[in-house]
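Each chain, letter by letter, is given below.
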There are 2 protein chains.
Amino acid sequence: MSDVVSVLGGTGALGRALALRLARSGRTVVLGSRDGARAEATAGELREVLAGRGAEGQVDGASNVEAAAAGEIVLLATPWDESGASIAALAPALAGRLVVSCINPLGFDARGPHGLPVAEGSAAEQVAGLLPDSTVTAAFHHLSAPSLAKLDKDLSGEDVLVCGDDAAARTRIVELAAEVTGRPGVDVGALRQARVLEPFTAVLIAVNRRYKTRAGVLLTHVDLTRG
Amino acid sequence: MSDVVSVLGGTGALGRALALRLARSGRTVVLGSRDGARAEATAGELREVLAGRGAEGQVDGASNVEAAAAGEIVLLATPWDESGASIAALAPALAGRLVVSCINPLGFDARGPHGLPVAEGSAAEQVAGLLPDSTVTAAFHHLSAPSLAKLDKDLSGEDVLVCGDDAAARTRIVELAAEVTGRPGVDVGALRQARVLEPFTAVLIAVNRRYKTRAGVLLTHVDLTRG
């Protein structure tokens, strides 16, 4: 468990919650933001939360570029950017990294939440096109940030669905998921599955609104040791 | 529980398994097929399965047109038809009916199973466009036909996700789901959510292949009595 994990968009709700859970599991986490000072302030807040829990992990803050360069695994918890400019600018820093897109391109209108059309098929495929020198996977779309942020909340009954075109990379993220939820991720195959995983978040949000909850997803009858 | 439920495409694996479960729950089911004689033969097989179980329901076979006209609720368990011609031909018979699309437009190639592009967004939206005088919902995409066909298999741990633009119709199908699985369906909102529900079946099939299973989907932390 020696790889440094960076979380870009680390001052957002999902990013900071993922960083918190990973550090709690003993990871060294570098939290990135466009504003490095803001990332450092958030990292300080997370260190306070972790203090007294005896967590061995560590959280530091940096600019997105510095954080990208610092991590062997880099989670993109950044907002959807149709232009792709914010990701493209990080391509040199992300070269050689295992990148995990957590990006959900979602819209909301009178009929409720829905997936936005993406020219490349999905945000993850857009990212892969912009980062030809990185290995790109997608995961962590469906976890509720408020639930993640509550460290005492047991999330081992929820699945993290992992996709990507590199089988070894998928396996590493399947294992990383266990540090977040206590349960290994589920390998769902090719990166284009992100076309389903991303807008499935809109289904969960619709359910959250109707049933006043924070729903997660569990695939039943799956023996994760058989993957 | 007096409404007759018709199942078009009722000689296929999903159709016959849904018909079997509904009849076991006491429904009168009319199984439709392009070939009415074949539908009647399948209905006879299902009656044999149900005999001795003391099921109060009843299964009859008919042509798709006759079955469409016979049901208050009509499940479309038919194969995906990009042209829409097979559904369009049934429009007069389906007028005034509550139609449930179970159609999954899926493809398979070297990278595995995937959702096919649909001009209307989803098969369910195509159906709605072709049936202006019917009320269209979509559901039952994710249940495994072989699991359904085993009447002793407990499926009450799996969710049936139901979408549609008519709230009252969604509620009727949420209730119908309980007759199939023992658990009410989950109302996930507008019909366009079918754009996610349909290709999510490709995610489940990819998982089935990798983990050698028949996966289902469960939304966690949802109190179905609050819908």
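Predicted model, so just to flag it, every value in this text is computed and none were measured.

Moving on to the overall build of chain A. Counting its secondary structure elements, chain A contains 9 helices and 11 strands. The C-alpha atoms of chain A give 16 Å as radius of gyration, which agrees with the globular expectation for 227 residues (17 Å, within 12%). Oriented by its inertia axes, the alpha-carbon framework of chain A measures out at about 40 × 40 × 35 Å. Each of the 227 residues in chain A was classed as buried or not, and the buried ones make up 57%. Of the contacts formed within chain A by residues at least 6 apart in sequence, a portion of 76% connects residues at least 24 apart. Only carbon and sulfur atoms are counted for the fraction: they give 49% of the accessible area of chain A, which is about 8700 Å². Distance from the positive charge centre (22 side chains) to the negative charge centre (26 side chains) of chain A: 8 Å.

What follows is about the interface of chain B and chain A. How big an interface is tends to be expressed through the accessible area that disappears when the partners come together. On the chain A side, the residues contacting the 43 residues of chain B number 43 residues. When the two sides are added together, the surface that chain B and chain A hide from each other amounts to roughly 3700 Å², 56% of it contributed by carbon and sulfur. Connecting chain B to chain A are 4 salt bridges. Where chain B packs against chain A, one counts 15 residue pairs in polar contact (both at pLDDT 80 or more). Counting only elements with at least two residues in the side of chain B that touches chain A, the list comes to strand S7 (112–115), strand S10 (186–187), helix H9 (194–211) and strand S11 (216–220) of chain B. Considering every element that reaches the side of chain B that touches chain A, the biggest residue donor is H9(B), with 11 residues. A breakdown of the residues in the side of chain B that touches chain A according to their chemical character gives 21 nonpolar, 10 polar and 12 charged. Summarising the sheet, strand S11 (residues 216–220) of chain A and S11(B) pair through 5 bridges and their orientation is antiparallel.

All right, on to the packing of helix H1 (residues 13–24) of chain A against helix H2 (residues 36–50) of chain A then. All names here are of chain A. Contact pair H1 / H2: the axes reach a minimum separation of 10 Å and the direction vectors enclose 45°. The orientation of H1 relative to H2 falls into the category oblique. Crossing of H1 against H2: the hand is right-handed. Counting all contacts with H1, which are made through Arg-16, Ala-19, Leu-20, Ala-23 and Arg-24, the residues of H2 involved are Thr-42, Glu-45, Leu-46, Val-49 and Leu-50. Residues belonging to the contact of H1 with H2 are distributed by class as follows: 6 nonpolar, 1 polar and 3 charged.

This brings us to the packing of aromatic side chains. Applying the stated criterion across every chain yields a total of 1 aromatic pair over all chains. Ring geometry for Phe200(A) and Phe200(B): centres 4.6 Å apart, planes at 20°, overall stacked. A residue pair is termed interchain when its members come from two chains, as with Phe200(A) in helix H9 (residues 194–211) and Phe200(B) in helix H9.

One full turn of an α-helix is made of 3.6 residues, so residues set three or four places apart face in the same direction. All names here are of chain A. The end-to-end C-alpha distance of H2 is 21 Å, a good match for the 21 Å that 15 residues give at a rise of 1.5 Å each. Where H2 is concerned, the buried positions are Ala-39, Thr-42, Ala-43, Gly-44, Leu-46 and Leu-50. Considering only its buried residues, H2 is in contact with H1, strand S2 (28–33) and strand S3 (58–63). Among the residues of H2, the N-terminal cap falls to Asp-35, whose side-chain oxygen and the backbone nitrogen of Ala-37 are separated by 3.0 Å. A positive phi of about 90° marks Gly-52, the residue just after H2.

Before going further, it helps to spend a moment on the sheet that holds strand S5 (residues 98–101) of chain B. Within a sheet, adjacent strands bond to each other through the backbone by hydrogen bonds, running parallel or antiparallel. Residues and elements named next belong to chain B. Here we have 8 strands laid out as an open sheet, ordered S3-S2-S1-S4-S5-S8-S9-S10, and mixed in their pairing. Where the open sheet ends on each side, the last strands, each with one partner, are strand S3 (58–63) and S10. As paired elements, strand S8 (residues 135–138) and strand S9 (residues 161–164) share 2 bridges and run antiparallel to each other. Among the inter-strand pairings, Ala-138 is bridged to a residue of S9, identified as Cys-163.

On to the environment of Leu219(A). Residue and element names in this part refer to chain A. Looking at where Leu-219 falls in the secondary structure, it is placed in strand S11. The exposure class of Leu-219 is buried, given its relative accessible area of 2%. The spacing of Leu-219 and Val-186 is 33 residues in sequence and 8.6 Å in space, taken between C-alpha atoms.

Of the residues in chain A, 99% have a pLDDT of 70 or more, and the chain-wide mean is 96. Scoring of the predicted complex yields 0.96 for pTM and 0.95 for ipTM.

Moving on to the UniProt feature "domain: Pyrroline-5-carboxylate reductase catalytic N-terminal" (unreviewed entry) in chain A. Under the UniProt annotation, "domain: Pyrroline-5-carboxylate reductase catalytic N-terminal" (unreviewed entry) lies at residues 6–105 of chain A. For residues 6–105 of chain A, helix accounts for 42% and strand for 23%, while the C-alpha atoms at its two ends are 21 Å apart.

A separate point is the sheet that holds strand S5 (residues 98–101) of chain A. All names here are of chain A. Taken together, 8 strands build an open sheet; the order of strands is S3-S2-S1-S4-S5-S8-S9-S10 and the sheet is mixed. Here the strands that pair on one side only, and so sit at the sheet edges, are S3 and strand S10 (186–187). In this structure, S2 lies alongside S3, joined through 6 bridges in parallel fashion. Within the sheet, the bridge partner assigned to Val-29 lies in S3 and is Val-59. Contacts from helix H6 (residues 123–130) reach strand S4 (73–76), S5 and strand S8 (135–138), with the element oriented near 170° to S8.

Scoring rules and cut-offs
Residues numbered from 1 in each chain as written. Chains lettered and ligands numbered in written order. Predicted model: local features only at pLDDT ≥ 70, side-chain atom pairs only at ≥ 80, totals over all residues. Heavy atoms only, no water. Helix = DSSP H or I, 4+ residues; strand = E, 2+ residues; numbered from the N terminus. Rg over C-alpha atoms; globule rule 2.2 N^0.38 Å. Buried < 20%, exposed > 50% of the residue type's maximum accessible area, 1.4 Å probe, protein only. Contact = heavy atoms within 4.5 Å. Areas by Shrake-Rupley, 256 points an atom, 1.4 Å probe, with all protein chains shown as cover. Lys, Arg positive; Asp, Glu negative; His and termini not counted. Charge placed at Lys NZ, Arg CZ, Asp CG, Glu CD. Buried area = accessible area lost by both parts, 1.4 Å probe. Salt bridge = Lys/Arg side-chain N within 4 Å of Asp/Glu carboxyl O. Polar contact = N/O pair within 3.5 Å; in protein donor to acceptor, adjacent residues only side chain to side chain. Nonpolar A, V, L, I, M, F, W, Y, C, P; charged D, E, K, R; others polar. Pairing = 2+ DSSP bridges. Axes fitted to C-alpha atoms, helices over the stretch in contact; angles between N-to-C directions. Parallel < 35°, antiparallel > 145°, perpendicular 65-115°, else oblique. Left-handed = near helix turned anticlockwise from the far one by under 90°. Phe/Tyr/Trp six-rings, centres within 6.5 Å; stacked < 30°, edge-to-face > 60°. Expected span 1.5 Å × (residues − 1). pLDDT = per-residue confidence, 0-100. UniProt positions renumbered as here; feature names shortened; annotations may be inferred.

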